[in-house]
Amino acid sequence: MFTSSLRTPKQGNSLRECEDVAHVLPASAPETWLAEPVFAAVADGASESLLAGDWADLLTRSVIDATRDDECVLRDVDRFATALVDAGEAWRGWLADYVATREADGRPIAWYEQPKLDRGPHATVLAARFDTDSTSATRWDVAALGDSCLFHTRDDRLLRAFPLESAEAFDNSPGLVNAFNRDHALLARHVRTLSGSAEQGDQFFLCTDALAAWFLGAAARGDQPWHVLSEFTRSGDPDGFEVWLKKAREEGLMRNDDVTVVHVDLG
Amino acid sequence: MTYAAEISRANPSCFVFLVDQSASMSDPIGGGAQQRKADVVADAINRLLAELSVKCAKEEGVRDYFHIAVIGYGHTVGSAFTGPLAGRDLVPLSQVAEKPARVEKRVKKVPDGAGGLVETTTRFPVWVDPVANGATPMCRALSRAESLVSDWVARHPDCFPPIVLNLTDGESTDGDPASAAWAVQTHVSADGAALLFNLHVSAAKAVPVMFPDTDVALPDTYSRTLFGMSSLLPPHMRFYAMQQGVTATDLTRGFVYNADITSLVQFLDIGTRATDLR
């Protein structure tokens, strides 16, 4: 399979301020064929949080590591919740280093940062695993908490949208993983999992919310948004993608937000 | 759709706080609390500015999603900022956050996780000190707010509409404030008319009221006048008010009587909310 991804900040923000994260293993160029299992995750840090992008980054890496260690993590809400709690444990260490670095740089935590640091950052997360066997059949598993989505397409059809299935289902209070949430049962209640099989030629798109809402809206109108996305992901064309996003936002087709997509192309 | 404009650094909005600093503000607030009205209002302003700063804080500092003016009215009408911002009117929020007059340490009680309370120290920035001196020129204060709002929407025609929040004991001494209040709300951006909200602090021993949709429970002419001057809450604010337990209807107004108005900050949308799972 081929993998590629694009990540663009909301209009008016710099790339450094983008709080969406995509992480794919093994890392490879879009034109490189991968025969081994592929792990991919996207996360969307909440704008109101402090260090949301850093938390999203740690979260995606943690859940992928957990999935590599135990492929059942994406099939079992309890195991996925454990991976989320473990990511939170890692956050405590990360945060201690961050605070120490700020002190050392002569820029201690300001009064207006402290309440948000105490609350901890929030992010959505979606992680997936794709494993193709010798007969070219692919098994896939996905787990999510929040409104980042996975879409499975074949030719001109959208086969599956997960975990949200319509553009109307999005709002600005999605389910979020808080770095200090140790309530395993609560996290597990909000985790959704799905598994399936796919054929050679099928496509998967992992998207954060604004793009996912656009995707579902376009599909509901009878369009085939996966073809639009494929043009940019296959060519690895971030500039063209940005121009297209700007137009879509100006036309009111997409909310102005950070945008991330991972494309897994089964060839 | 109105009141849906994105609030961003490229398209900021503004807040104008009007603070009653008249002599009558030295009277105690009703309801048994031992605080003067001037202390309650100064605390409310300082909390609102702190909440706004925290809401807009990111790693690199506070983002200028809002510009802030705090206008005092009493002996004079003018900027109520003390400290480094003294004398200034509309100030970018990042500068507000960086330049309080001082940061006090205050003790507050927080849940201890075992059903009890434990005392902890928090940092409490102060921009506005309590003042109680002179008459209550509310009409002049509203005219000053109108001037700031008018200039703001001229320079930011697509902004989320400016919000004017008047904190007072309600006893205007320079005429009926209703027409000056209406004038504030005639200034519109492409996203809607400027909003005027009121916090009434009163010495009367009446039941506190938050965001009512009628004035029948209000105790006097002053509170009913302020209720009538207040804008209807836009739909998304009603939604957030309901999330906080307020029974909001189409007629709910941005008016609070002898209660905490800090929750107003939570009615503002600057992106994905950091909401905990339930």
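Each remark here, short or long, concerns the structure printed above.
Residues numbered from 1 in each chain as written. Chains lettered and ligands numbered in written order. Predicted model: local features only at pLDDT ≥ 70, side-chain atom pairs only at ≥ 80, totals over all residues.

**Considering the environment of Glu-165 of chain A**
Residues and elements named next belong to chain A.
Turning to step 1, where the next piece is worked out: Relative to the helices and strands, Glu-165 resides in the loop between β7 (157-162) and β8 (177-178).
Turning to step 2, where the next piece is worked out: According to the C-beta neighbour criterion, Glu-165 is partly exposed, with 14 such atoms within 10 Å.
Turning to step 3, where the next piece is worked out: On a C-alpha basis, the gap between Glu-165 and Val-24 in space is 24 Å, while along the polypeptide they are 141 residues apart. (Helix = DSSP H or I, 4+ residues; strand = E, 2+ residues; numbered from the N terminus. Buried ≥ 20, exposed ≤ 12 C-beta atoms within 10 Å, placed from the backbone.)

**A look at the environment of Arg-123 of chain B**
Turning to step 1, where the next piece is worked out: Inspection of the secondary structure assignment puts Arg-123 of chain B in strand β8 (residues 117-126).
Turning to step 2, where the next piece is worked out: Accessibility expressed as a C-beta count within 10 Å gives 15 for Arg-123 of chain B, which makes it partly exposed.
Turning to step 3, where the next piece is worked out: In the structure, Arg-123 of chain B is positioned 105 residues away from Gly-228 of chain B in sequence and 37 Å away in space, judged by C-alpha atoms.
Turning to step 4, where the next piece is worked out: Ignoring any residue separated from it by four or fewer positions in sequence, one finds Arg-123 of chain B in contact with Trp-111 of chain A together with Val-103 and Lys-105 of chain B. (Contact = placed C-beta atoms within 7 Å.)

**Re the interface of chain B and chain A**
Turning to step 1, where the next piece is worked out: Counting residues at the interface gives 24 residues for chain B, matched by 25 residues for chain A.
Turning to step 2, where the next piece is worked out: For the side of chain B that touches chain A, the secondary-structure elements that each account for two or more residues are α1 (37-55), β2 (57-58) and β8 of chain B.
Turning to step 3, where the next piece is worked out: Considering every element that reaches the side of chain B that touches chain A, the biggest residue donor is α1 of chain B, with 3 residues.
Turning to step 4, where the next piece is worked out: Counted by class, the side of chain B that touches chain A contains 10 nonpolar, 5 polar and 9 charged residues. (Nonpolar A, V, L, I, M, F, W, Y, C, P; charged D, E, K, R; others polar.)

**What about the sheet that holds strand β6 (residues 149-154) of chain A?**
Residue and element names in this part refer to chain A.
Turning to step 1, where the next piece is worked out: Taken together, the 5 strands give an open sheet; going across it, the order is β1-β11-β10-β6-β7, and neighbouring strands pair in antiparallel fashion. In the strand order of this sheet, the two ends are held by β1 (2-8) and β7, each with one partner. Each strand of the sheet is rotated relative to its neighbour by a mean of 15°, with strand direction disregarded.
Turning to step 2, where the next piece is worked out: Both β1 and strand β11 (residues 259-265) contribute to a ladder of 7 bridges, which runs antiparallel. By the bridge assignment, Thr-3 is partnered in β11 with Val-264. (Pairing = 2+ DSSP bridges. Axes fitted to C-alpha atoms, helices over the stretch in contact; angles between N-to-C directions.)

**Let's talk about the environment of Gln-200 of chain A**
Turning to step 1, where the next piece is worked out: Along the polypeptide, Gln-200 of chain A turns up in the loop between β9 (192-198) and β10 (203-207).
Turning to step 2, where the next piece is worked out: Between the C-alpha atoms of Gln-200 of chain A and Ile-109 of chain A, which are 91 residues apart in sequence, the distance is 51 Å.

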